[in-house]
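# Observations on the three-dimensional arrangement
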Amino acid sequence: MSKKSKKVSYPSYSGGSVRINGTDIASVDKSGNKIHSNYNMSDAEARMYNSLQNNMASSMENLFSISDNERKQWQNELDALQKQGIQNINNIYTPMERNLKNDIASRFGNLDNSIFLNNLKNITNNKAQAVATLSDNLAAKQSNLYTQEIQNRMNLLNLLNGINSSINNRIIQYLNIANGNAASGSQYNQNAYNAAQNQSSNGMDWLNAAINAGIGGLKLFI
């Protein structure tokens, strides 16, 4: 008959958990040869977490993408600024031109005068410079609209990332506590296993001693 191999025993693994208000929110357990760490989100947490992940993915994907609707809004803003700017320039220079004409006409009876032409040229040059400055400001404004939009998106992404990191850090903290509880339980089982092994070893030593003593006595008797 073949001799059966003796089954080797090991100290048992102890899982761990973190329980708040009667609910396990984090746990560590063993399944087969794998140790599993789990964080049990509430329905509200899961919705917030999933929404956060989706928003982060969307923000990253569209970080530098400008939609046609956004471009249209920007153009409407620029058009409004241009209209207001032209109106302001006309409000300043049109009365100056009109007053100059009236002044020259009242003095000389006609507008064919070198003083008038020189002054009118100055007004025209200043008006043209104001229009050029307005054009430059609108171009700068257009660039600023894009830059500000990208900066706003990056700020949002940083905010979402900060919230995500905070959630993940909290999850890790709870899992570390659960792991610590599991390690504590496993250490207890190890100590109990060692104590049982020592008791078994002491019992065998006593039995062997008793057997040896009996054999020795038998030899002496013989």
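Below is a short write-up of the structure. (Residues numbered from 1 in each chain as written. Predicted model: local features only at pLDDT ≥ 70, side-chain atom pairs only at ≥ 80, totals over all residues. Heavy atoms only, no water.)

### A few points about the overall build of the protein chain
Broken down by element type, the protein chain carries three helices and three strands. Among the 222 residues that make up the protein chain, the fraction classed as buried is 19%. By sequence separation, contacts in the protein chain at least 24 residues apart represent 68% of the contacts at least 6 residues apart. Accessible surface, the protein chain: about 16,400 Å² in total, of which carbon and sulfur atoms supply 52%. (Helix = DSSP H or I, 4+ residues; strand = E, 2+ residues; numbered from the N terminus. Buried < 20%, exposed > 50% of the residue type's maximum accessible area, 1.4 Å probe, protein only. Contact = heavy atoms within 4.5 Å. Areas by Shrake-Rupley, 256 points an atom, 1.4 Å probe, with all protein chains shown as cover.)

### Here we look at the pattern of salt bridges
Enumeration over the complete set of coordinates arrives at five salt bridges. Note that R19 and D24 form a salt bridge whose closest N and O atoms lie 2.8 Å from each other. A salt bridge links E149 to R153; the shortest N-O distance between them is 3.0 Å. Placement of the pair is E149 and R153 together in helix α3 (residues 114–221), with a separation of four residues, close to one helical turn. A relative accessible area of 14% means that R153 is categorised as buried. By sharing partners, the salt bridges in this structure join E70, E149 and R153 into a single network. (Salt bridge = Lys/Arg side-chain N within 4 Å of Asp/Glu carboxyl O.)

### Topic: the packing of aromatic side chains
If you walk through the whole model with that rule in mind, you get one aromatic pair. Ring geometry for Y39 and Y174: centres 6.2 Å apart, planes at 20°, overall stacked. Residue Y39 is located in strand β3 (residues 34–39), and its partner Y174 is located in helix α3; the two are separated by 135 residues in the primary sequence. Using a relative accessible area of 16% as the deciding quantity, one classes Y39 as buried. (Phe/Tyr/Trp six-rings, centres within 6.5 Å; stacked < 30°, edge-to-face > 60°.)

### Re the sheet that holds strand β2 (residues 23–31)
Neighbouring strands of a sheet are bound in pairs by backbone hydrogen bonds; such pairs are parallel or else antiparallel. Across the sheet, which stays open at both edges, the three strands sit in the order β1-β2-β3 with antiparallel pairing between neighbours. Where the open sheet ends on each side, the last strands, each with one partner, are β1 (16–20) and β3. The sheet shows a mean angle of 10° between the axes of neighbouring strands, taken without regard to direction. (Pairing = 2+ DSSP bridges. Axes fitted to C-alpha atoms, helices over the stretch in contact; angles between N-to-C directions.)

### Considering the nonpolar core
Judged by nonpolar contacts, the single largest core of 13 residues is most densely connected at V18, A26, Y39, L52, I171, L175 and A178. Going through the elements one at a time, β2, α1 (43–61) and α3 are the ones with two or more residues in this core. With six residues, α3 is the largest single contributor of residues to this core. Ignoring anything within four residues of it in the chain, the contact list for Y39 reads I25, A26, E45, R170, I171, Y174 and L175. Counting residues in each nonpolar core, the second largest holds 10 residues, with I66, W74, L134 and L138 among its members. (Core = buried A, V, L, I, M, F, W, Y, C linked by side-chain atoms within 4.5 Å.)

### A word on the environment of L134
Within the fold, L134 resides in helix α3. A relative accessible area of 14% means that L134 is categorised as buried. Not counting residues within four places of it along the chain, the set of residues in contact with L134 comprises L81, Q82, G85, I86 and I89.

### A word on a nonpolar patch on the surface
Together, L156, L159 and I163 give the surface a local cluster of nonpolar side chains, amounting to about 260 Å² of exposed area. Considering the arrangement of structural elements, one finds I163 in helix α3. (Patch = residues over 30% accessible without salt bridge, like charges linked within 9 Å, V, L, I, M, F, W, Y side chains within 5 Å.)

### Thoughts on the environment of L52
Assignment of secondary structure puts L52 in helix α1. L52 sits in the buried class, given a relative accessible area of 6%. The spacing of L52 and L160 is 108 residues in sequence and 6.8 Å in space, taken between C-alpha atoms. Every residue in contact with L52, bar those within four places of it in the chain, is listed here: L160, I163, N164 and I167.

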